[in-house]
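# Fold and geometry: a report
Spelled out from the first residue to the last, the chains are:
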Amino acid sequence: MNDHQYTDQEICCIIRDYDQMIQDIRHRIESLARELWDLDSNDDWLCKLLSLQHQETGTITTHTDHHDLSDLLKSKKLKGLQYAKELQEGIEIEMQKMESIQQLYRCYMELPRREHELLCCLYEKSMSWNALQKKYKISKNTFIRRRKNALNMIRKIYSEKRQRQIYNHDVMD
């Protein structure tokens with residue numbers, strides 16, 4: 001379970017760039033999955049060549065050729081298994097990142113209207129601080145305090161959801 005504590009800057013980046021971040025993670029997962037799939041299918045040509053040698057189809061092969069090819073296949077399989085494990089771990093890490101980002105973004109969406117609107121204007125609509133101060137008719141200090149409060153609310157909601165997940169996961173085990 002990922003227990004990452006998001007900074008204000010990370011939360012703001014997720015609000016601002018959420019769609020692109022999720023799309024980038026999906027592309028990385030798809031790329032790793034394709035590579036994992038290709039890893040399994042790349043051994044086919046070696047297996048076919050080895051089976052042809054076993055059938056003795058009239059081609060001239062020596063015992064050494066057969067042994068070398070068999071060793072090559074075993075070595076490739078062993079390295080392939082390790083690499084496949086690394087690819088699977090990479091996929092798992094990316095999926096955890098995506099789940100965590102999605103959950104944090106849902107926390108942002110659950111904010112009370114006033115806090116959500118303030119962060120939305122600031123990060124999704126890219127309004128300047130001055131424009132927001134005029135729109136809401138508040139002082140700079142009040143604006144900074146509300147922003148900080150909204151980010152802390154996101155962090156708190158996120159933390160509570162993660163704790164419930166951990167508790168539910170532990171209860172099911």
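Computed from a predicted model, the values in this text were never measured in an experiment. (Residues numbered from 1 in each chain as written. Predicted model: local features only at pLDDT ≥ 70, side-chain atom pairs only at ≥ 80, totals over all residues. Heavy atoms only, no water.)

### Regarding the packing of aromatic side chains
As a reminder of what qualifies: Each aromatic pair joins two rings of Phe, Tyr and Trp (for Trp, the six-membered one) with centres within 6.5 Å, and gets the label stacked for planes under 30 degrees apart, edge-to-face for over 60, and tilted for any other angle.
This model, assessed by the stated rule, comprises four aromatic pairs. One aromatic cluster in this structure is built from Tyr18, Tyr105 and Tyr108.

### Some thoughts on empty space enclosed by the protein
Which entries qualify depends on this criterion: With a 1 Å grid spanning the protein atoms alone, the term cavity applies to any set of points in which a 1.4 Å probe fits but cannot get out, the term pocket to an open set with protein on both sides within 12 Å along at least five of seven lines, and the term lining residue to any residue with an atom within 4 Å of a point. Grid points are joined across faces, edges and corners, and a volume is the space filled by probe spheres set on the points. In this text, helices come from DSSP runs of H or I with a minimum length of four residues, and strands from runs of E with a minimum of two, each type numbered from the N-terminal end. Each residue is assigned to one class: nonpolar for Ala, Val, Leu, Ile, Met, Phe, Trp, Tyr, Cys and Pro, charged for Asp, Glu, Lys and Arg, and polar for all the others, Gly among them.
One pass over the structure, following the stated rule, counts one cavity of 30 Å³ or more. The volume enclosed by the largest cavity comes to roughly 40 Å³. Surrounding the largest cavity, Arg114, Glu115, Leu118, Tyr136 and Arg146 form its lining. The dominant element in the lining of the largest cavity, judged by the number of residues it contributes, is helix α4 (residues 113-124), at three residues. The class makeup of the residues in the lining of the largest cavity is two nonpolar, no polar and three charged.

### Brief notes about the confidence of the model for the protein
Condition: Every residue gets a pLDDT, meaning the predictor's confidence in that residue, from 0 to 100. Contacts are assigned to residue pairs that have any heavy atoms within 4.5 Å of one another.
Averaged over the protein, the pLDDT score is 82; the fraction of residues at 70 or greater is 72%. Taken element by element, the protein is modelled with least confidence in helix α2 (residues 44-55), mean pLDDT 55, and with most confidence in α4, mean pLDDT 95. With pLDDT under 50 throughout, residues 57-64 is counted as low confidence; its partners more than four residues away or in other chains account for two contacts.

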